[in-house]
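# Structure assessment
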Amino acid sequence: QVQLHQSGPGLVKPSQTLSLTCTISGDSVSSNSATWNWIRQSPSRGLEWLGRTYYRSQWYDDYAVSVKDRISIIPDTSKNHFSLQLNSVTPEDTALYYCAMYGASSNWFDPWGQGTLVIVSS
Amino acid sequence: QSVLTQPPSVSGAPGQRVTISCTGSSSNIGAGHDAQWYQQLPGTAPKLLIYDNSNRPSGVPDRFSGSKSGTSASLAITGLQAEDEGDYYCQSFDSSLTTWVFGGGTKLTVL
């Protein structure tokens, strides 16, 4: 049974970098049958898929158009986790951030991490 | 404005049946992409409730059911219970936007 646990600061100053980590148990970040995703939730934007990383003989990543110039999702095989980095944040990036697994042969996000509320404020 | 449209709220008395609609378009649900439903109870992360339009993961009661027709999907909840109160979201993939999309969410109130 896969479980995802998130960690990282809940307060980030404007123009700085938001960094969150999602640690995987019960599977491997290098799995050929999963992708590892970040999704955020805010009152103004609802649930918004941000991006993913996955391994298929080599590492790939995909990002949402809305953040593609500011985002990186980085896997760490030694720690079996993947990280979100969102640069040059503004108050509009204030949201609940979730990591989630998406199976290679599925159409759904399951499971999800517990969520991290990130507030962008000076 | 979410790509998938849901009613903001629905309500029902304990034991009753409610349905939640999810209206998409020819580039997502209407293009043949499956719909998923997630339940988000207060203070918790979304949890998969229905996948591939009408399938329940292990552990989800059969009071919850899903269907799809044309460009829309629906979630039905029968025998409403107080613990069903929360937010419900639909999700699919959009071929035009080439991204996963969610509905704006529906708040279920058990009267």
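Note that this is a predicted model, so its numbers are computed, not measured. (Residues numbered from 1 in each chain as written. Chains lettered and ligands numbered in written order. Predicted model: local features only at pLDDT ≥ 70, side-chain atom pairs only at ≥ 80, totals over all residues. Heavy atoms only, no water.)

## Some thoughts on the sheet that holds strand β5 (residues 64-69) of chain B
All names here are of chain B.
- Reading across the sheet, the three strands line up as β2-β6-β5 and stay open at both edges, with antiparallel pairing between neighbours. The outermost strands of the open sheet, each flanked by one partner alone, are β2 (18-23) and β5. Each adjacent strand pair in this sheet contributes to an overall mean axis angle of 20°, direction not counted.
- In the sheet, β2 pairs with strand β6 (residues 72-77) via six bridges, with the strands oriented antiparallel. By the bridge assignment, T23 is partnered in β6 with S72. (Pairing = 2+ DSSP bridges. Helix = DSSP H or I, 4+ residues; strand = E, 2+ residues; numbered from the N terminus. Axes fitted to C-alpha atoms, helices over the stretch in contact; angles between N-to-C directions.)

## A short note on the side chain of A:N80
All names here are of chain A.
- Tracing the backbone through its elements, the reader meets N80 in the loop between β7 (71-76) and β8 (81-86).
- With relative accessibility at 17%, the residue N80 sits in the buried group.
- Of the polar contacts made by the side chain of N80, one reaches the backbone oxygen of I24; its length is 3.0 Å.
- Among residues more than four places away in sequence, those in contact with N80 are C22, T23, I24, D27, S28 and V29. (Buried < 20%, exposed > 50% of the residue type's maximum accessible area, 1.4 Å probe, protein only. Polar contact = N/O pair within 3.5 Å; in protein donor to acceptor, adjacent residues only side chain to side chain. Contact = heavy atoms within 4.5 Å.)

## Considerations on the interface of chain A and chain B
- In this assembly, 14 residues from chain A lie in contact with 15 residues from chain B.
- A combined buried area of about 1,400 Å² lies between chain A and chain B, and 63% of that area is made up of carbon and sulfur atoms.
- Viewed at the interface, chain B and chain A are joined by nine residue pairs in polar contact (both at pLDDT 80 or more).
- When contributions to the side of chain A that touches chain B are tallied by element, the ones reaching two or more residues are β4 (34-42), β5 (46-55), β9 (95-103) and β10 (109-112) of chain A.
- Here the residues of the side of chain A that touches chain B sort into eight nonpolar, four polar and two charged. (Buried area = accessible area lost by both parts, 1.4 Å probe. Nonpolar A, V, L, I, M, F, W, Y, C, P; charged D, E, K, R; others polar.)

Function-wise, these values are silent; they only describe arrangement.
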